[in-house]
Amino acid sequence: MADPTFSNDISNTEKGEKLSVNGAVMYGIPIQRITFDHDFTDDSEVESIPRGLQLIGSGQTITIKEVETSPNFSLISITRTLRKGQIISDVVHFNPGGERELQWYGGPEQMEQHYPVQKLRFEDYAYVPKELHSAAIVERYWLNSAGVFVYVEKEVPLFIDQDEETLRLTAKKEIPYYSYDESFEFNYRIGVAKDAREGHLKAVEKVLNKPVGIPDERMVRHPIWSTWVRYRRPISQQTILDFASEINGYGFKNAQLDIDDYWENCYGSLIFNPITFPNITELTEQLKEMGFRVTLWIHPFINKNCQPWYTEALSKGFLVKSHNETIGYNTKWWNSGENEASYINFNNPGAREWFRQRLQELRDEGIDSFKFDAGETSWAPEDPDVDGQKALLPTSMTTNFVRMCAEFGPMIEIRTGFTTQDLPVFVRMLDLDTRWGMNNGLQSLIPTLLQMNLNGYPFVLPDMIGGNVYGDDILTKELFIRWLQANTFMPSMQFSKTPWDIDIESVEISKRYVNLHEDYSDYILQRMRLAVAEGIPVNPPIWWLDPEDEIAQTIGDEYLLGEDILVAPVLTEFATTRNVYLPKGTWRDGNTNQVYEGGRWLYSYAAPMDTLLYFVKTSFQMRR
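Residues numbered from 1 in each chain as written. Predicted model: local features only at pLDDT ≥ 70, side-chain atom pairs only at ≥ 80, totals over all residues. Heavy atoms only, no water.

**Thoughts on the sheet that holds strand β31 (residues 565-567)**
So, step 1. On the basis of which strands lie adjacent, the open sheet formed by 5 strands has the order β30-β31-β36-β33-β34 and antiparallel pairing. Edge positions in the sheet fall to β30 (559-561) and β34 (595-597), since each of these pairs with one other strand and no more. Across the sheet, the axes of successive neighbouring strands diverge by a mean angle of 30°, strand direction being ignored. (Pairing = 2+ DSSP bridges. Helix = DSSP H or I, 4+ residues; strand = E, 2+ residues; numbered from the N terminus. Axes fitted to C-alpha atoms, helices over the stretch in contact; angles between N-to-C directions.)

In structure tokens form, the structure reads like this:
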């Protein structure tokens, strides 16, 4: 069996045509094709260099080089330097022409999180973390089922177009990127491994990075409770105490209680409202006597009417300013009007320290940790004028914010990131709506879990069980229970709408699944430590067990916990059965103990509303 190799086979090289190259060949079969944006003209040249070639002409030089070769793995770099004003697009072909259809993974987080990701569609899409479409995790990484990955370097001003056949990677110096450089880089790497599992592990090693530690263990074992969905903004000291009493009264454990929106006296002060929270030290002491740790919702904005903090930040240069003087420091977020707020400049070391010190003062009052919201680039004014390496703008604003947050330890949560897979913290899914479908509802939960894991973020904090009940959404008992079940084998559980808000039966069902999650929490923690040691996802897709299984490669409504638990929740309203695909192995039904051999479908498998379908390998033994 041959090792994967890069092919210098050039086709379509007639004058005036685009240059098409088989980017990689395994066992003599093309498994990936990249079409380079390079018009062949009379002055074009193709030159061989050690372990690669250069394409010279059309105002650019493309260097294609094999930078690493080892048994069953090859890493190829594509590099070029472009002039300001040039717009270059290379095309990744989803299916280069072979006997099997390839599936693709990775890509951006989206509200409609399709899986596999070739089902997504984009047009001139700026590839940065942004609030639009819930694109909070947008690592420049795509992996296919044949074991090929594409990784675009973080300095590239990247836009993407995607249809059913291609992913077009375009480099151009336009907003939202810093657009004042005279030259810029368009560099990416192509990795080729024997299968998708090995390809992803190599990508973690070479380009994505492993986490350096695990999040807080109590956040894994017991539920997080938040005030947000249940109370929205009108909260008070008494509200928090009453909520804690209810949680204890119904016999539920806790990781912590999160005080969400509207605790500040004004947005950006980081000081409790003295009317609604007259004695925060007394509150935190009472909560701790009741067995709760206390966390606090934090955002990176200051509203202009929040004085004197806004004027202080403005005078010290701590706010993000636009190059466009008519925009200045103005921004809008969900708790401000148009142009009534500013975004803190976390690229400024002084601003980071100022923000950090004020958070430390809250900790001195008894706050244990923080839930950090926002942080995506799109909250800044258009064309931001901030410090730092210009080629990394605007993504460095997200990176620096998240790294500042992580300094407060493994008990925090964040909701965005960019090249921050190394941090030992939970990354929360963006707000999900209270509905069943793929349109940001329950059916997007598992695809988002898989997307985050396959972008190198294995410590996923699912959003609130039951969603956020925005607008006209209605949380039914059935939707709440099915959401709870789907969440059970994910790394953490988070409640805001409570089981007793539904009915007493929901309380009993919820206790069963909270306890089931706790029963497997040691295994979840083992898999987290394995993610640190080896970069293996905590919740992989089911093809992880058999990367050559073409049925498993397409399934986005089941997931694994580690390599021993398969979870197949019901995600359709009124359904009491579902089809379950078992990958290879010998599996025991976690409810009935019935044993099945894998590599097969179980059709119309019974799952009444109180039943979560999950299967455990017969070889599995729980270690404590």
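**Remarks on the UniProt feature "domain: Glycoside hydrolase family 31 TIM barrel" (unreviewed entry) in the chain**
So, step 1. The UniProt entry lists residues 231-524 under the feature "domain: Glycoside hydrolase family 31 TIM barrel" (unreviewed entry), expressed in the numbering used here.
So, step 2. End-to-end, the C-alpha atoms of residues 231-524 are 31 Å apart, and along that stretch the chain is 34% helix and 11% strand. (UniProt positions renumbered as here; feature names shortened; annotations may be inferred.)

**Comments concerning the environment of Phe149**
So, step 1. Inspection of the secondary structure assignment puts Phe149 in strand β13 (residues 148-152).
So, step 2. With 93 residues separating them along the chain, Phe149 and Ile56 place their C-alpha atoms 26 Å apart.
So, step 3. Among all residues touching Phe149, those that are not within four sequence positions of it are Phe73, Leu75, Tyr141, Trp142, Leu143, Arg189, Ile190, Gly191, Gly199, Lys202, Ala203 and Val207. (Contact = heavy atoms within 4.5 Å.)

**Some thoughts on the sheet that holds strand β4 (residues 45-49)**
So, step 1. With antiparallel pairing, 8 strands are arranged side by side in an open sheet as β4-β5-β6-β7-β17-β13-β12-β10. The sheet terminates laterally at β4 and β10 (104-106), the two strands that pair on one side only. Each strand of the sheet is rotated relative to its neighbour by a mean of 20°, with strand direction disregarded.
So, step 2. Where helix α1 (residues 196-208) meets the sheet, it contacts β6 (60-70), β7 (73-79), β12 (141-144), β13 and β17 (188-193), and its direction lies at approximately 160° from that of β12.

**Notes on the state of the cysteines**
So, step 1. This structure, assessed with the given rule, holds 1 disulfide.
So, step 2. The thiol of Cys405 is unpaired, and the distance to the nearest cysteine sulfur, on Cys306, comes to 18 Å. (Disulfide = S-S within 2.5 Å.)

**Considerations on the pattern of salt bridges**
So, step 1. By the definition in use, this model includes 38 salt bridges.
So, step 2. The salt bridge partner of Asp90 is Arg80, with a shortest N-O separation of 3.0 Å. Pair noted here: Asp90 is in strand β9 (residues 88-93) and Arg80 is in the loop between β7 and β8 (81-83), with a separation of 10 residues, a long-range link.
So, step 3. A relative accessible area of 2% places Arg80 in the buried class.
So, step 4. In this structure, Asp522 engages Arg221 in a salt bridge whose closest nitrogen and oxygen atoms are separated by 2.9 Å. On the criterion of sequence distance, the pair formed by Asp522 in helix α12 (residues 521-534) and Arg221 in helix α2 (residues 217-221) is long-range, its members being 301 residues apart.
So, step 5. Residue classification places Arg221 among the partly exposed residues on the basis of a relative accessible area of 25%. (Salt bridge = Lys/Arg side-chain N within 4 Å of Asp/Glu carboxyl O. Buried < 20%, exposed > 50% of the residue type's maximum accessible area, 1.4 Å probe, protein only.)

**Observations regarding the layout of surface pockets**
So, step 1. There is about 420 Å³ of room inside the largest pocket.
So, step 2. Lining the largest pocket we find 22 residues, and of these Glu131, Trp334, Arg415, Asp431 and Tyr470 sit closest to its centre.
So, step 3. Across the lining of the largest pocket, the residue classes break down as 8 nonpolar, 3 polar and 11 charged. (1 Å grid on protein atoms, 1.4 Å probe; cavity = no way out; pocket = protein on both sides within 12 Å on 5 of 7 lines; lining within 4 Å. Points joined across faces, edges and corners; volume = space filled by probe spheres on them. Nonpolar A, V, L, I, M, F, W, Y, C, P; charged D, E, K, R; others polar.)

**What to know about unusual backbone geometry**
So, step 1. Omega for the bond connecting Tyr115 with Pro116 falls within 30 degrees of zero, at -10°, which places this linkage in the cis form.
So, step 2. With respect to the helices, strands and loops of the structure, Pro116 is situated in the loop between β10 and β11 (122-126).
So, step 3. Of note, the bond from Ile175 into Pro176 is cis; its omega dihedral lies within 30 degrees of zero at 20°.
So, step 4. Looking at the secondary structure, you find Pro176 in the loop between β15 (166-171) and β16 (183-185).
So, step 5. Even without a glycine there, the phi angle at Arg51 is positive, about 65°.
So, step 6. Within the secondary structure layout, Arg51 lies in the loop between β4 and β5 (52-57).
So, step 7. Notably, His133 is not glycine yet its phi reads approximately 65°, a positive angle.
So, step 8. Residue class for His133 comes out partly exposed when judged on its relative accessible area of 34%.

**As for the packing of helix α10 (residues 477-487) against helix α11 (residues 504-519)**
So, step 1. The geometry of α10 relative to α11 is characterised by a closest axis approach of 10 Å and an angle of 10° between their N-to-C directions. Between α10 and α11, the interaxial angle falls into the category roughly parallel. On α11, the residues that touch Lys477, Phe480, Ile481, Leu484 and Gln485 of α10 are Glu505, Ser506, Ile509, Ser510 and Tyr513. (Parallel < 35°, antiparallel > 145°, perpendicular 65-115°, else oblique.)

**Let's talk about empty space enclosed by the protein**
So, step 1. Scanning the entire structure with this criterion turns up 4 cavities of 30 Å³ or more.
So, step 2. Counted as a void, the largest cavity has a volume near 60 Å³.
So, step 3. What lines the largest cavity is a set of 13 residues, among which Val204, Gly456, Pro458, Gly535 and Ile536 lie closest to the centre.
So, step 4. When grouped by side-chain class, the residues that make up the lining of the largest cavity number 7 nonpolar, 5 polar and 1 charged.

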